[in-house]
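Inside the fold
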Amino acid sequence: MVFNKVRSSLIAVSILYHATSAFTQPTSASSRSTSLHAIAPAATVSVPSWVDLGESLPSDSTSTPEQPLVTLYRDTNGWCPFCERVWIALRVKNIPYQETLVNLQDKPDWFLNAVPTGLVPAVMIHTDLLTDTSSSSKEGDSSEEKEKTTPERTLVWESVDIMRKLDEMFPNHGPKLMNEDDAAFLEAREVCAAVQSAGFGLLYGGNATTTAVETEEKRSALEAALDAMDAHLSKVTNGGPFLLGSELSGVDIEVIPTLERFRYQFPLLRNVTLSTTTLRPNLQRWFEAIDASPAYASRVAGDEYSWTAVASTFLRIFGSRGNELTVEQNATIARVEAAATALTLDFVNDSGGADSTDDGYVAACREAAEKLIANHEAVVADCSRADPKSQKELGRSSNVERADLALRMIADSLLNNNSDVNLTLFRNKKDATEAAFALRTVAKRLSVPRDMGGPAAKVLRRRLMVLAQNMEANAKDSTRPLGIPRRSKFQSKL
Ligand SMILES: N[C@@H](CCC(=O)N[C@@H](CS)C(=O)NCC(=O)O)C(=O)O
């Protein structure tokens, strides 16, 4: 099992203050529900505190975490495509690793002193712990080789050099990824480079003087490069589905981070669809194959909602370059935000194809609970702050206490795989509305893979949305005539 010690903070962008710690356990419903409107059984409702929730996290008794052999230095946001390559490579090769996140807006001195380029990714290979190395690295610092070596540690930077070094130093860990002496590898790399270069040309190659004809030429260049990639994939030995055959290789890993963004963002930003089952079917099959690769899909893969939401955030931040957004930019932002909102409507239905008893689902619940509990202060503050720093359009709840309570209920339900949540603490319509608002904001703020893996995010988003829906449906409506049951027949299971 990969020892994956993530020091990230959930939804960590611009969290400047924390939720009050003065939140106290709510009074039990039985002691305060004397109203004629109270119709649910007067059960004692007790929601565990964050401390209790933290203490009840199951310890992994079945396996002891493996000693990390590599430290991966990657960006705090989880948006760096070069880091993503190394992240996937470590997982495909099943090398035990830990992560240290580097804030690229304020790089720490230790990182700048260690890595000459000051760029992520970099890795520290704990040479002294290796038993299977055949490495002949010499002690010293060679900027040409992009590494610094001592008898105990080897520090390497530059994503492709890192992937080569992992092959060299971990010959018995998983497949060799960088078969660069193979002509097929180099040919595939060229095909992918053409797609990337045409894609970036269309995305960033324009300026105020670019004509419609020039833009059209760039779009055609991308379409042609995608066609070439599809044709290339149709000729792969043994029918693919990957670029070199039936196994994920280094050349697939090199291009995954770019293509996963392109596939979600290009249809919205530039009206280019990369593939469907009928349009470039071999490329479509490649996407499906990488989506089915556990090393990628369980943690590193970004999901459609996140890449869509990130696209609008990026447009807002970088689109204007300090000037007012143009009419066209505003229209693009509106289109992207509408697409992101449409995707949120699916959160409630999307269980990720998992069944509540399967191991993957249980692991996803646990990952989501761990992240929520570990980062609850930032999460509660973020969904209830008066001055949001990003995704302002989502709005925030004004009731921090109800937000905190509702999120504890979610964490509790994830930990105990318990789909029945007692809603009696949210009978008051105003409380229910505010708490539901907070839950929906958390669901929409969740970013994959920055905050957690895709499967965990699916489970968490679904629970947040369902609880929000149930709270609102169940809340006391002061305009309702007495005697009409409030317990909604629409209440769904979390
Ligand atoms: N060629 C490098 C590129 C790495 C790179 O550009 N990393 C970016 C993050 S995506 C970075 O560290 N930027 C920080 C900066 O420019 O100061 C590689 O393949 O590793």
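Residues numbered from 1 in each chain as written. Predicted model: local features only at pLDDT ≥ 70, side-chain atom pairs only at ≥ 80, totals over all residues. Heavy atoms only, no water.

**Points about the pairing of strand β1 (residues 70–75)**
Among the six residues that make up β1, six are buried, leaving the element largely enclosed by the rest of the structure. In the sheet, β1 pairs with strand β2 (residues 97–102) via six bridges, with the strands oriented parallel. Looking across to β2, one finds that Thr71 is bridged to Gln98. The parallel pair β1 and β2 is bridged by helix α3 (residues 81–92), and the resulting crossover is right-handed. (Buried < 20%, exposed > 50% of the residue type's maximum accessible area, 1.4 Å probe, protein only. Helix = DSSP H or I, 4+ residues; strand = E, 2+ residues; numbered from the N terminus. Pairing = 2+ DSSP bridges. Right-handed = clockwise from strand over helix to strand, strands pointing away.)

**Regarding unusual backbone geometry**
Residue Pro121 is reached from Val120 by a cis peptide bond, and omega for that bond is 5°. Relative to the assigned elements, Pro121 resides in the loop between α4 (109–114) and β3 (122–125). Residues Val448 and Pro449 are joined by a peptide bond in cis, for which omega reads 10°. Mapped onto the elements of the fold, Pro449 is located in the loop between α16 (429–445) and α17 (454–474). Notably, Asn238 is not glycine yet its phi reads approximately 60°, a positive angle. With respect to the secondary-structure elements, Asn238 resides in the loop between α7 (212–234) and α8 (250–269). Positioned with a positive phi, Gln391 is a non-glycine residue whose angle comes to about 45°. Its place among the elements puts Gln391 in the loop between α14 (376–384) and α15 (400–415). Judged by its relative accessible area of 10%, Gln391 falls in the buried class.

**A closer look at the side chain of Ser49**
Residue placement: Ser49 occurs in the loop between α1 (29–32) and α2 (50–55). Given a relative accessible area of 19%, Ser49 falls into the buried group. A distance of 3.1 Å separates a polar side-chain atom of Ser49 from the backbone nitrogen of Asp52. (Polar contact = N/O pair within 3.5 Å; in protein donor to acceptor, adjacent residues only side chain to side chain.)

**With respect to the packing of helix α11 (residues 304–318) against helix α12 (residues 327–344)**
Orientation of α11 relative to α12, taken along the N-to-C sense of each, is 155°, at an axis distance of 9 Å. Taken as axis vectors, α11 and α12 run roughly antiparallel relative to one another. In the crossing of α11 with α12, the sense of the turn from one axis to the other is left-handed. Contacts between α11 and α12 pair Glu304, Tyr305, Thr308, Ala309, Ala311, Ser312, Leu315 and Arg316 from the former with Thr332, Ile333, Val336, Glu337, Ala339, Ala340, Leu343 and Thr344 from the latter. Here the contact of α11 with α12 is built from residues that sort into nine nonpolar, four polar and three charged. (Axes fitted to C-alpha atoms, helices over the stretch in contact; angles between N-to-C directions. Parallel < 35°, antiparallel > 145°, perpendicular 65-115°, else oblique. Left-handed = near helix turned anticlockwise from the far one by under 90°. Contact = heavy atoms within 4.5 Å. Nonpolar A, V, L, I, M, F, W, Y, C, P; charged D, E, K, R; others polar.)

**Considering the site of the ligand**
In the vicinity of the ligand, the residues found are Cys80, Pro81, Phe82, Leu104, Lys107, Leu119, Val120, Pro121, Glu158 and Ser159. Within the backbone of Val120, one N or O atom sits 2.8 Å away from a nitrogen atom of the ligand. Take Glu158: an N or O atom from its side chain is 2.9 Å from a nitrogen atom of the ligand. Bound to the protein, the ligand loses 69% of the 510 Å² it would expose on its own. The class makeup of the residues in the shell around the ligand is seven nonpolar, one polar and two charged. (Near = heavy atom within 4 Å. Areas by Shrake-Rupley, 256 points an atom, 1.4 Å probe, with all protein chains shown as cover.)

**Side note on the nonpolar core**
In a soluble, globular protein the nonpolar side chains are often hidden away together inside. Grouped together as the largest cluster of nonpolar side chains are 62 residues, with contacts concentrated most on Val70, Leu259 and Trp286. With nine residues, the single largest contributor to this core is α8. Each of domain 2 (70–169) and domain 3 (183–306) gives at least three residues to this core. Residues within four places of Leu259 in sequence aside, it is in contact with Val195, Met229, Leu274, Leu283, Trp286 and Phe287. (Core = buried A, V, L, I, M, F, W, Y, C linked by side-chain atoms within 4.5 Å. Domains from an automatic or database assignment.)

**Focus on helix α13 (residues 359–374)**
In an α-helix there are 3.6 residues to a turn, and that puts residues three or four apart on one side. When the terminal C-alpha atoms of α13 are compared, their 22 Å separation across 16 residues agrees well with the 22 Å that a helix rising 1.5 Å per residue should span. Elements in contact with the buried residues of α13: α2, α14, α15 and α17. One side-chain oxygen at the N-terminal end of α13 lies 3.1 Å from the backbone nitrogen of Gly360; it belongs to Asp358. (Expected span 1.5 Å × (residues − 1).)

**Thoughts on α14**
When you tally the buried positions in α14, you get eight out of nine residues, the bulk of the element. Every buried residue of α14 is accounted for by His376, Ala378, Val379, Val380, Ala381, Asp382, Cys383 and Ser384. The inward-facing, buried residues of α14 abut α2, α13, α15 and α16.

**A short note on a nonpolar patch on the surface**
A cluster of nonpolar residues, Phe314, Ile317 and Phe318, forms a patch on the protein surface that exposes about 300 Å² of accessible area. Relative to the helices and strands, Ile317 is located in helix α11. (Patch = residues over 30% accessible without salt bridge, like charges linked within 9 Å, V, L, I, M, F, W, Y side chains within 5 Å. Salt bridge = Lys/Arg side-chain N within 4 Å of Asp/Glu carboxyl O.)

**Let's talk about the pairing of strand β6 (residues 154–157)**
Burial along β6 is two-sided: the face carrying Thr154 and Val156 and the face carrying Leu155 and Trp157 are both buried. Judged from the four bridges that link them, β3 and β6 form a sheet pairing that is antiparallel. Paired with Ala122 across the bridge in β6 is Trp157. Two elements, strand β5 (residues 147–149) and β6, share three bridges in a ladder whose sense is antiparallel. Its bridge partner lying in β6, Lys148 is registered against Leu155.

**Comments concerning the confidence of the model for the protein**
Mean pLDDT over the protein: 83, with 81% of residues reaching 70 or higher. Here residues 1–43 is a poorly scored stretch, pLDDT under 50, and it has 110 contacts once near neighbours within four places are set aside; other chains count. For the stretch residues 481–490, pLDDT sits under 50, and the model shows 21 contacts to residues farther than four places along the chain or on other chains. (pLDDT = per-residue confidence, 0-100.)

**Looking at the packing of aromatic side chains**
In the structure shown here, the tally under the stated rule is nine aromatic pairs. Judged by centre distance (6.2 Å) and plane angle (10°), the ring pair of Phe200 and Tyr204 falls under stacked. Taken together, the positions of Phe200 and Tyr204, both in helix α6 (residues 183–204) and four residues apart, correspond to about one turn of that helix. Accessibility expressed as a relative area gives 36% for Phe200, which makes it partly exposed. Given the relative accessible area of 57%, Tyr204 is considered exposed. Measuring from centroid to centroid gives 4.6 Å for Phe262 and Phe266, while their planes differ by 90°, and the two rings are edge-to-face. Taken together, the residues Phe262 and Phe266, both in helix α8 and four residues apart, mark about one turn of the helix. By relative accessible area, Phe266 is classed as buried at 1%. (Phe/Tyr/Trp six-rings, centres within 6.5 Å; stacked < 30°, edge-to-face > 60°.)

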